[in-house]
Amino acid sequence: MSRFLSRRFASLAPYTPGEQPQGMEYVKLNTNESPYPPAPGVIAALSAAEVSRLNLYSDPQTKALTNAIAKRYGLFPAQVLPGNGSDEILVFCFEAFCGEDAGACFADLTYGFYEVYARLFCLETKVIALSERFTIEPEAYFNAGKTVFIANPNAPTGVFLALGELEEILKHNRENVVVIDEAYVDFGGESAVSLLARYENLLVVQTFSKSRNLAGARLGFAMGSEQLIGDLMKMKFSFNPYNINRLSILAGAAAMEDGAYFEACTKKIMQTREAVAVSLEERGFFVLPSRANFVFAAPKRIGGEAYYKKLKEKGVLVRWFDRDRIRDFVRITIGSDAQMKTLLNATDQILEETK
Ligand code: PMP
């Protein structure tokens, strides 16, 4: 740390992203990417003609992408704002809606960036513990008096909160924005987009990184009332108006337009997930019910950290979190069938070695 860093950031602990080894030496099941390539139309959209226009700035209105998202979800384009990953959209939400005395409210075990953003913006926080079974108890969020952030399905647990229960949270927080982070909703959850017409305090955030196979393009988006989207736009245009590059705008639009490929990939991942959950249970694991493209599972005889390390030695990367309540677990991204077979084989060896 230099002596020039603002004092308020001296104790800021940045988010630790999952390891990104730059080779193919690992079976990579640690950051919830899709094992499948982008939709065929994405590659066609990134034609040489567009590459040769990279000397020009991208469209700050991101029209091609915004329109494709709006069409897919039956919204007006003014109700949609794409961003440079949903992480950027979440930053805009923290900036726009948590200032002064609003602060932020979120679960004790959820997406780690919420806590980091709250620290970055020096916000007051209300942290609500998940239940013993790692579920969200809606009543605990009633009249939170702060901007509420809920990942649904939650991360890293994969547990889904039914829309009816979410609606109760919206009803009991009419004076505050409720941000529903649906990074994993396409793997068997139900989107809160259908509630937008009834709740002016609702913002839905989604990403292209998981179900749309475009983690490397860095694309996410918010959906909400024209007014809320206008507020987020104010953040974007005060920060980085060309936040999405020309290639990602086209890639995102093409991915959004290919509904059939999206259906096929998400369906396959859900099938693989169910088979993997059963296989892990057969090996004595405790597996939380997941509606995401990962499972959160605790081996029976060894701790989460030991299992994570032994898997890594055998060339399989999963994610372990050094946090109270979840040290026994690892989060395993659902990859291709072949990748999951490698995981299970490595697991069998580990169980044999630690008998
Ligand atoms: N929300 C949740 C719950 C996530 O797990 C992630 C992925 N790390 C994100 C948001 C951010 O995803 P991205 O920036 O790739 O859109």
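Let me sum up the structure you'll find in this document. (Residues numbered from 1 in each chain as written. Predicted model: local features only at pLDDT ≥ 70, side-chain atom pairs only at ≥ 80, totals over all residues. Heavy atoms only, no water.)

Describing the overall build of the chain
In step 1: Helix and strand counts for the chain come out as 11 helices and 12 strands.
In step 2: Along the three orthogonal principal directions, the C-alpha set of the chain runs to about 60 × 50 × 50 Å.
In step 3: Classification of the 355 residues of the chain by burial places 53% in the buried group.
In step 4: Taking the contacts inside the chain whose residues are at least 6 apart along the sequence as the reference set, 74% of them involve residues at least 24 apart.
In step 5: Element-wise, carbon and sulfur atoms account for 53% of the exposed surface of the chain, whose accessible area totals about 16400 Å².
In step 6: Put simply, the chain has 39 plus and 42 minus side-chain charges, and the middle of one group is 4 Å from the middle of the other. (Helix = DSSP H or I, 4+ residues; strand = E, 2+ residues; numbered from the N terminus. Buried < 20%, exposed > 50% of the residue type's maximum accessible area, 1.4 Å probe, protein only. Contact = heavy atoms within 4.5 Å. Areas by Shrake-Rupley, 256 points an atom, 1.4 Å probe, with all protein chains shown as cover. Lys, Arg positive; Asp, Glu negative; His and termini not counted. Charge placed at Lys NZ, Arg CZ, Asp CG, Glu CD.)

Digging into the site of the ligand
In step 1: Surveying the vicinity of the ligand reveals the residues Gly-85, Ser-86, Asp-87, Tyr-111, Asp-181, Ala-183, Tyr-184, Thr-207, Ser-209, Lys-210 and Arg-218.
In step 2: Measuring from a nitrogen atom of the ligand, one finds a side-chain N or O atom of Asp-181 at 2.6 Å.
In step 3: Between Ser-209 and the ligand, the recorded distance is 2.6 Å, taken from a side-chain N or O atom to an oxygen atom.
In step 4: In isolation the ligand offers 400 Å² of accessible surface; the protein chains occlude 91% of this area.
In step 5: Residue composition of the shell around the ligand, grouped by class: 3 nonpolar, 4 polar and 4 charged. (Near = heavy atom within 4 Å. Polar contact = N/O pair within 3.5 Å; in protein donor to acceptor, adjacent residues only side chain to side chain. Nonpolar A, V, L, I, M, F, W, Y, C, P; charged D, E, K, R; others polar.)

Quick look at the sheet that holds strand β6 (residues 178-181)
In step 1: Taken in spatial order, the 7 strands line up as β2-β8-β7-β6-β5-β3-β4 in an open sheet, and their pairing is mixed. At either end of the open sheet lies a strand with only one pairing partner, and these are β2 (80-83) and β4 (125-128). Neighbour to neighbour, the strand axes of the sheet diverge by 20° on average, direction disregarded.
In step 2: Bridging between β6 and strand β7 (residues 202-207) involves 4 bridges; their strand directions are parallel. Paired with Ile-180 across the bridge in β7 is Val-204.
In step 3: Docked against the sheet, helix α4 (residues 85-97) engages β2, β3 (104-107), β5 (147-151), β6, β7 and β8 (220-223), running at close to 155° with respect to β7. (Pairing = 2+ DSSP bridges. Axes fitted to C-alpha atoms, helices over the stretch in contact; angles between N-to-C directions.)

Quick notes on the packing of helix α10 (residues 304-313) against helix α11 (residues 337-353)
In step 1: The geometry of α10 relative to α11 is characterised by a closest axis approach of 10 Å and an angle of 115° between their N-to-C directions. Here α10 runs over α11; the crossing is right-handed. Side by side, α10 and α11 meet where Tyr-307, Lys-310 and Leu-311 of the first sit next to Leu-343, Ala-346, Thr-347 and Ile-350 of the second.
In step 2: Classifying every residue of the contact of α10 with α11 by side-chain character gives 5 nonpolar, 1 polar and 1 charged. (Left-handed = near helix turned anticlockwise from the far one by under 90°.)

Examining the pairing of β2
Regular strands have side chains that alternate between both faces of the sheet.
In step 1: Covered by surrounding structure in β2 are Val-80 and Pro-82 together with Leu-81 and Gly-83, the residues of both alternating faces.
In step 2: Note: β2 against β8, 4 bridges, orientation antiparallel. Pairing of Leu-81 across the sheet is with Ala-222, part of β8.

Concerning the sheet that holds strand β12 (residues 330-333)
In step 1: Pairing in this open sheet of 3 strands is antiparallel, and the strands run β9-β10-β12 from one edge to the other. Strands at the two margins of the open sheet, each flanked by one partner only, are β9 (286-287) and β12.
In step 2: Both strand β10 (residues 294-298) and β12 contribute to a ladder of 4 bridges, which runs antiparallel. Considered in β12, the bridge of Ala-297 is made with Val-330.
In step 3: Across the sheet, helix α9 (residues 259-282) lies against β9, β10 and β12, angled at about 10° from β10, the strand it touches most.

Comments concerning the environment of Arg-133
In step 1: Mapping Arg-133 onto the fold places it in the loop between β4 and β5.
In step 2: Its relative accessible area of 60% is what places Arg-133 among the exposed residues.
In step 3: For the pair formed by Arg-133 and Val-148, sequence separation is 15 residues and the distance between their alpha carbons is 21 Å.

What to know about unusual backbone geometry
In step 1: Here the bond from Asn-152 into Pro-153 is cis, since omega is -5°, no more than 30 degrees from zero.
In step 2: Tracing the chain through its elements places Pro-153 in the loop between β5 and α6 (163-171).
In step 3: Going from Ala-155 to Pro-156, the amide bond is cis rather than trans, its omega being 5°.
In step 4: In the Ramachandran plot, Asn-143 falls in the positive-phi region, its phi being about 50° despite a non-glycine side chain.
In step 5: Although it is not a glycine, Asn-213 sits at a positive phi angle of roughly 60°.
In step 6: Along the chain, Asn-213 falls in the loop between β7 and β8.

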